[in-house]
Amino acid sequence: MSMNDKLVPLAVNGGIGFGSKLTPKQLIALGNYLEEDTEIELTTFQQLIIKVPETELDQAKDELNDAGLSVYKVGPYVKSLRTCNFCKGAEEEGMPVAIELNERIAGQDVPFTLRPAYTGCPNACGEPLINDIGVIKRDDLYEFYIGGQAKGEDARTALLLKEGLTPDQLFDIVDRFLDVYRNNGRKRERVAKFIDRYGFDNIKNDIGV
């Protein structure tokens, strides 16, 4: 690596599965892009933040993907979906739906970094009620929440936007909400503050719920 190479941050994790886990193969692949004294940030969103030279970006993504790692952009984008451990099983807790939802939304441009969370039962272990958007599976249907915030003096739980959703209806309403937020949110305006300014009822009207 040249001293003049610009370093680009990447968010990396093992994808959506039974908890936040990495294999030795994945750790070795990560090690190829780390100096001996490099500090790696482990976020609360089940991601490792690494930095790779811009000239090696495409190669790094390919090699990390080949090792079974998921790679995401860092910045004002939708983060990868934080999930529960699917303790009752992949099918019962809707792992395929969580995987597809993550593939649809992670990396989308938004006014400010957006943290989505998913949990497969009402125990809500994935903390969907204290993140920007959250999904709870209840029996065979889904609930969609917006505007949770875990930190700060104005910490709050999320508001229920719609319940009784099939998977396709869930994907559609998440897409429509992200469009409303993207088109009307201000730069660096978190979802909770966007709801306060723009209005929960206005959001519902724009989405059509």
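Cut-offs applied
- Residues numbered from 1 in each chain as written.
- Predicted model: local features only at pLDDT ≥ 70, side-chain atom pairs only at ≥ 80, totals over all residues.
- Heavy atoms only, no water.
- Core = buried A, V, L, I, M, F, W, Y, C linked by side-chain atoms within 4.5 Å.
- Buried < 20%, exposed > 50% of the residue type's maximum accessible area, 1.4 Å probe, protein only.
- Helix = DSSP H or I, 4+ residues; strand = E, 2+ residues; numbered from the N terminus.
- Contact = heavy atoms within 4.5 Å.
- Polar contact = N/O pair within 3.5 Å; in protein donor to acceptor, adjacent residues only side chain to side chain.
- Arc of directions from axis to C-beta.
- Pairing = 2+ DSSP bridges.
- Salt bridge = Lys/Arg side-chain N within 4 Å of Asp/Glu carboxyl O.
- Phe/Tyr/Trp six-rings, centres within 6.5 Å; stacked < 30°, edge-to-face > 60°.

> Quick question: what am I supposed to make of the nonpolar core here?
The nonpolar side chains of soluble globular proteins are, as a tendency, buried together. Ranked by size, the top nonpolar core spans 34 residues in total, and within it F144, V174 and F177 carry the most contacts. Counting residues per element, the ones that place at least two in this core are helix 3 (95-105), strand 7 (133-138), strand 8 (141-146), strand 9 (159-165), helix 4 (167-184), helix 5 (191-198) and helix 6 (200-207). At 8 residues, the largest contribution of residues to this core is made by helix 4. Discounting chain neighbours no more than four positions away, the residues touching V174 are L101, I105, I133 and F144. The next biggest cluster of nonpolar side chains, apart from the first, holds 14 residues, and it includes V8, V12, Y33 and I50.

> Teacher, can you tell me more about the side chain of Q108 here?
Locating Q108 in the fold gives a position in the loop between helix 3 and strand 6 (116-119). You can call Q108 buried: its relative accessible area is 19%. Reaching out from Q108, the side chain makes a polar contact with the side chain of R182 at a distance of 3.0 Å. Once you skip the residues sitting within four places of it in the chain, Q108 turns out to touch P76, Y77, V78, D175, L178 and R182.

> Can you walk me through helix 5 in this structure?
Residues separated by three or four positions in an α-helix point in the same direction, a consequence of the helix having 3.6 residues per turn. Along helix 5, the residues that are buried comprise V191, A192, F194 and I195. Here the buried residues of helix 5 occupy an arc of 160° about the axis, which is enough to place them on one side. Residues of helix 5 that are buried in the fold lie against strand 8, strand 9, helix 4 and helix 6. Count one or two residues on from helix 5 and you reach G199, which has phi positive near 105°.

> Mind showing me how you'd approach the sheet that holds strand 1 (residues 7-13) here?
Note: strands within a sheet are paired through backbone hydrogen bonds, in either parallel or antiparallel orientation. Read from one edge of the open sheet, 4 strands run 2-3-1-4, paired in antiparallel fashion. Single-partner strands in this sheet number two, and they are strand 2 (41-42) and strand 4 (70-73). As judged from the 2 bridges shared by strand 2 and strand 3 (residues 48-53), these two strands associate in the antiparallel manner. Its bridge partner lying in strand 3, L42 is registered against L48.

> Explain helix 1 (residues 24-31) to me, please; I cannot follow it from the model alone.
Along helix 1, the residues that are buried comprise Q26, A29 and L30. For helix 1, the angular spread of the buried residues around the axis is 100°, confining them to a single face. Exposed side of helix 1, more than 90 degrees from the buried face: P24, K25 and I28 are the residues found there.

> Whenever I open this one, the pattern of salt bridges confuses me. Can you help?
One side chain can pair with another of opposite charge once the charged atoms of both are near each other. Throughout the structure, instances matching the rule amount to 11 salt bridges. Of the charged contacts in the structure, one is a salt bridge between R104 and D175, with a shortest N-O distance of 2.6 Å. With R104 in helix 3 and D175 in helix 4, this residue pair connects regions lying 71 residues apart in the sequence. A relative accessible area of 34% places R104 in the partly exposed class. Looking at D175, the relative accessible area reads 22%, which means it is partly exposed.

> Any chance you could explain the packing of aromatic side chains here in plain terms?
Note on aromatic pairs: each is described by the distance of the centres and the angle between the planes. Within the structure shown, the criterion is met by 6 aromatic pairs. Where F177 meets Y181, the ring centres are 6.2 Å apart and the plane angle is 5°; that geometry is what we call stacked. Taken together, the positions of F177 and Y181, both in helix 4 and 4 residues apart, correspond to about one turn of that helix. Under the relative-accessibility criterion, Y181 is labelled buried at 0%. Centroid distance F194 to Y198: 5.1 Å. Interplanar angle 15°. Geometry classified as stacked. Of this pair, F194 and Y198 both sit in helix 5, 4 residues apart, roughly one helical turn. Each member of the aromatic cluster is reached from another via a ring pair, and the members are F144, F177, Y181, F194 and Y198.

Honestly, it's all geometry; don't read function into it.
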